[in-house]
Amino acid sequence: MQTHRDPLNVISSIAALTNHLRRMGSDETNIAECAAQSYEEITVGLDRGMAMRDKGVVPDGRVIDVQFTDFVKDPWTTIKDIYAALGRELKPEAEQKMREFLAANPGDGGRGRYTWSDTGLDAGEVRERVRAYQERYNVPTEELR
């Protein structure tokens, strides 16, 4: 399965997480440096993933593509669609356990932990760099945090 999300929000989120983890062991870290590294790693990974599919290294139908926005908007339909794509049934017991876990562990969507402006990256430049990926997988452009 590959979850598709606006790469700019992914970059800023990963940069914030990396910066947080680095601060545990060093005073020599900053989010802009982490963002530059995340930007490079993520864009190279997206390009390589598309190339692998183009070359048939990853056969058609082998990957289930999921839009992050669909999951956020309607997680249960998305989960059921994933199970169906795998040729499996989402059993009521499994769904109940998932629902209980989510109720006990609500997320906040990363609010307050990162913003695009922290990255020091040029949004227009990065947007252009990921355009082919967004167009190929119909990944919507999200509001930058």
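Preceding this section is the structure that the text describes.
All of the points below concern the structure found in this document. Computed from a predicted model, the values in this text were never measured in an experiment. (Residues numbered from 1 in each chain as written. Predicted model: local features only at pLDDT ≥ 70, side-chain atom pairs only at ≥ 80, totals over all residues. Heavy atoms only, no water.)

**Here's the deal with the environment of T141**
And then number 1: Assignment of secondary structure puts T141 in the segment after α7 (131–136).
And then number 2: Classification of T141 by relative accessible area gives exposed; the value is 53%.
And then number 3: Considered as a pair, T141 and K80 are 61 residues apart in the sequence and their alpha carbons are 25 Å apart.
And then number 4: Polar side-chain contacts of T141 include one of 3.3 Å to the side chain of Q134. (Helix = DSSP H or I, 4+ residues; strand = E, 2+ residues; numbered from the N terminus. Buried < 20%, exposed > 50% of the residue type's maximum accessible area, 1.4 Å probe, protein only. Polar contact = N/O pair within 3.5 Å; in protein donor to acceptor, adjacent residues only side chain to side chain.)

**Observations regarding the packing of aromatic side chains**
Pairs of aromatic rings are described using the distance from one ring centre to the other and the angle between the two planes.
And then number 1: Within this structure, the stated rule accounts for one aromatic pair.
And then number 2: In this structure, R99 is placed above the aromatic ring of W76, and the distance from its NZ or CZ to the ring centre is 4.1 Å. (Phe/Tyr/Trp six-rings, centres within 6.5 Å; stacked < 30°, edge-to-face > 60°. Lys NZ or Arg CZ within 6 Å of the ring centre and 35° of its normal.)

**Side note on helix α4 (residues 75–85)**
And then number 1: What α4 keeps buried is the set W76, T78, I79 and I82. Seen from one end, α4 has its buried residues packed into an arc of 160°, which puts them on one side. Facing away from the buried side of α4 by more than 90 degrees, the exposed set consists of A84 and A85.
And then number 2: In the segment just after α4, G87 is the residue with positive phi, at about 75°. (Arc of directions from axis to C-beta.)

**A few points about the pattern of salt bridges**
And then number 1: The final tally for this structure, using the stated rule, is nine salt bridges.
And then number 2: We note a salt bridge from R131 to E128, for which the minimum N-O separation is 2.4 Å.
And then number 3: Among the ionic contacts, a cluster of salt bridges with common partners joins K80, E95 and R99. (Salt bridge = Lys/Arg side-chain N within 4 Å of Asp/Glu carboxyl O.)

**Quick notes on the environment of A85**
And then number 1: Checked against the element boundaries, A85 lands in helix α4.
And then number 2: Assessed through its relative accessible area of 52%, A85 is described here as exposed.

**Considerations on the packing of α4 against helix α5 (residues 92–104)**
And then number 1: At a minimum axis distance of 12 Å, the contact between α4 and α5 shows a crossing angle of 140°. Between α4 and α5, the interaxial angle falls into the category oblique. When the axes of α4 and α5 are compared, the crossing they make is right-handed. Between α4 and α5, the residues in contact are W76, I79, K80 and Y83 and E95, M98, R99 and L102, respectively.
And then number 2: Taken together, the residues of the contact of α4 with α5 sort by class into five nonpolar, no polar and three charged. (Axes fitted to C-alpha atoms, helices over the stretch in contact; angles between N-to-C directions. Parallel < 35°, antiparallel > 145°, perpendicular 65-115°, else oblique. Left-handed = near helix turned anticlockwise from the far one by under 90°. Contact = heavy atoms within 4.5 Å. Nonpolar A, V, L, I, M, F, W, Y, C, P; charged D, E, K, R; others polar.)

**Some thoughts on the packing of helix α1 (residues 7–23) against helix α2 (residues 31–54)**
And then number 1: The interhelical angle for the contact between α1 and α2, taken along N-to-C directions, is 130°, at an axis separation of 8 Å. With respect to α2, the axis of α1 lies oblique. Crossing of α1 over α2 shows right-handed handedness. On the side of α1, the interface is formed by P7, V10, I11, I14, A15, A16, T18, N19 and R22, while α2 contributes I31, E33, C34, A35, Q37, S38, Y39, I42 and L46.

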